[in-house]
Amino acid sequence: MLMHLFSSVGTCLCVLIGVAFYTLLERKVLGYVQIRKGPNQVSLWGIAQPIADAVKLFVKEKVTPHQANYTFFWLAPAVSLTLALVLWHLYPSGFSYKIVAWGLLLFFCVSALNVYGTLVAGWSSNSKYAFLGALRAAAQTISYEVSMLLILLFPALLMITYTWDGALFGFPAVLLFFPLMFVWFTSALAETNRAPFDFAEGESELVSGFNVEYGGGLFTLLFLAEYVNILLMSVAAAVWFLVEVTPLGLTLQVLIFSIMFLFSRGAYPRHRYDLLMMLCWKTFLPFSLCALALACLTVVL
């Protein structure tokens with residue numbers, strides 16, 4: 001029991017440290033995309049910039065909007081970060097002593113709860129901008145979650161395993177159906193509210209979306225939850241589509257996928273919301289259903 005606690009705390013700390021320096025990588029990549037340097041003043045090459053940002057945000061004054069629902073306003077960021085960190089215990093590793101037998105099913109259940117953190121954060125802020133951003137994010141997340149989960153079932157059925165550790169000993173599903181990887185990546189972008197699908201944070205219409213009333217430490221928790229989910233989606237893509245047993249190969253694949261999130265933000269403008277929803281229900285959903293039917297026929301025959 002004590003070893004399990006130490007393992008869980010160690011995993012969470014490693015993920016948070018990874019997120020901190022992933023934000024530095026994002027600012028560096030976007031800086032070079034826009035022909036500028038990015039953070040380079042704090043410490044050597046700006047390496048200590050994430051630590052400086054965290055200290056600045058956590059020591060700021062904690063402000064709660066007038067007539068906001070205080071309980072849910074403070075609870076929503078903690079719930080969002082907790083749900084994001086819980087899923088990281090599915091991370092396949094040769095050093096883990098405990099394997100979740102139905103890890104993919106747990107991923108489906110917990111990822112479906114992520115929308116409540118965003119929705120409650122916008123609703124409890126007592127702001128029309130925040131509430132509209134939360135409704136946008138909820139509709140977008142629920143829509144793309146359907147196609148994303150159906151796509152994940154494709155490699156799971158072909159490899160006849162629902163554990164993340166067991167998927168590492170399968171075969172690269174991307175070789176069987178290459179376009180499925182692009183649909184998965186686009187769905188992951190929409191699921192994590194990242195550009196060009198960041199309608200929950202449309203600065204031109206909603207100022208900052210569902211988190212417009214959050215500042216300081218509470219904003220940091222929402223910020224961390226978003227980036228933890230980005231890294232988790234990169235891990236899921238590497239595990240279920242690009243099978244790699246060695247830790248170094250898996251790490252490089254996760255790094256490549258996470259950098260693709262940054263390139264998409266630097267390369268594409270924000271999409272139109274009606275086209276986003278149409279893309280999901282009229283294109284991605286039929287495509288994922290056909291892919292799932294193909295996997296079922298392959299297993300049966």
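Bear in mind the structure is a predicted one, so any value in this text is a computation, not a measurement. (Residues numbered from 1 in each chain as written. Predicted model: local features only at pLDDT ≥ 70, side-chain atom pairs only at ≥ 80, totals over all residues. Heavy atoms only, no water.)

### So, the overall build of the protein chain
Cut-off, in case you're wondering: By the criteria applied, helices consist of DSSP H or I runs no shorter than four residues and strands consist of E runs no shorter than two, each listed in order from the N terminus. The quantity called the radius of gyration is restricted to C-alpha atoms. Its globule counterpart is 2.2 Å times the number of residues to the power 0.38. Note on exposure labels: buried denotes an accessible area under 20% of the residue type's maximum, exposed denotes more than 50%, and partly exposed covers the range between, all computed with a 1.4 Å probe on protein chains only. Two residues form a contact once any of their heavy atoms are found within 4.5 Å.
Secondary structure summary: the protein chain contains 11 helices and zero strands in total. Secondary structure elements of the protein chain, listed N to C terminal, follow the sequence α-α-α-α-α-α-α-α-α-α-α. Relative to the globule expectation of 19 Å for 301 residues, the C-alpha radius of gyration of the protein chain, 19 Å, shows essentially globular dimensions. Summarising its shape, the C-alpha atoms of the protein chain cover approximately 60 × 45 × 45 Å along the three principal directions. The proportion of buried residues among the 301 residues of the protein chain is 48%. Long-range pairs, those at least 24 residues apart, make up 79% of the contacts in the protein chain with a sequence separation of at least 6.

### A few points about the UniProt feature "transmembrane region" (unreviewed entry) in the protein chain
What counts here: UniProt positions are given in the numbering used here, feature names are shortened, and annotations may be inferred rather than shown by experiment.
When the UniProt feature table is mapped onto this chain, "transmembrane region" (unreviewed entry) is found at residues 6-25, 70-91, 97-121, 142-162, 168-190, 218-242, 248-267 and 279-300. Secondary structure across residues 218-242 comprises 92% helix and 0% strand; the distance between its end C-alpha atoms is 36 Å. Along residues 279-300 the backbone is 100% helical and 0% strand, and the end-to-end C-alpha distance reaches 30 Å.

### Some words on a nonpolar patch on the surface
For clarity, the threshold we go by: Here the term patch refers to residues with relative accessible area over 30% and no salt bridge, with like charges joined within 9 Å and nonpolar side chains (Val, Leu, Ile, Met, Phe, Trp, Tyr) within 5 Å. Only the protein chains shown count as cover for residues, and all accessible areas are computed by the Shrake-Rupley method using a 1.4 Å probe. Should a side-chain nitrogen of Lys or Arg be within 4 Å of a carboxyl oxygen of Asp or Glu, the pair is scored as a salt bridge.
Taken together, the side chains of Ile17, Phe21, Leu44, Trp45, Ile47, Ile51, Val55 and Val59 present a nonpolar region at the surface, about 830 Å² in accessible area. Along the chain, isoleucine 17 turns up in helix α1 (residues 2-33).

### Things to note about helix α4 (residues 103-123)
How we decide: How far a helix is expected to stretch is found by multiplying one less than its residue total by 1.5 Å.
Given a rise of 1.5 Å per residue, 21 residues ought to cover 30 Å, and the 31 Å separating the end C-alpha atoms of α4 matches this to within 8%. Turning to α4, its buried residues are Gly103, Leu104, Phe107, Phe108, Val110, Ser111, Asn114, Val115, Gly117, Thr118, Ala121 and Gly122. The inward-facing, buried residues of α4 contact α3 (70-86), α5 (128-159), α6 (164-167), α7 (179-191) and α9 (216-240).

### Some points on the side chain of serine 258
Residue position: serine 258 is located in helix α10 (residues 247-267). The exposure class of serine 258 is buried, given its relative accessible area of 2%.

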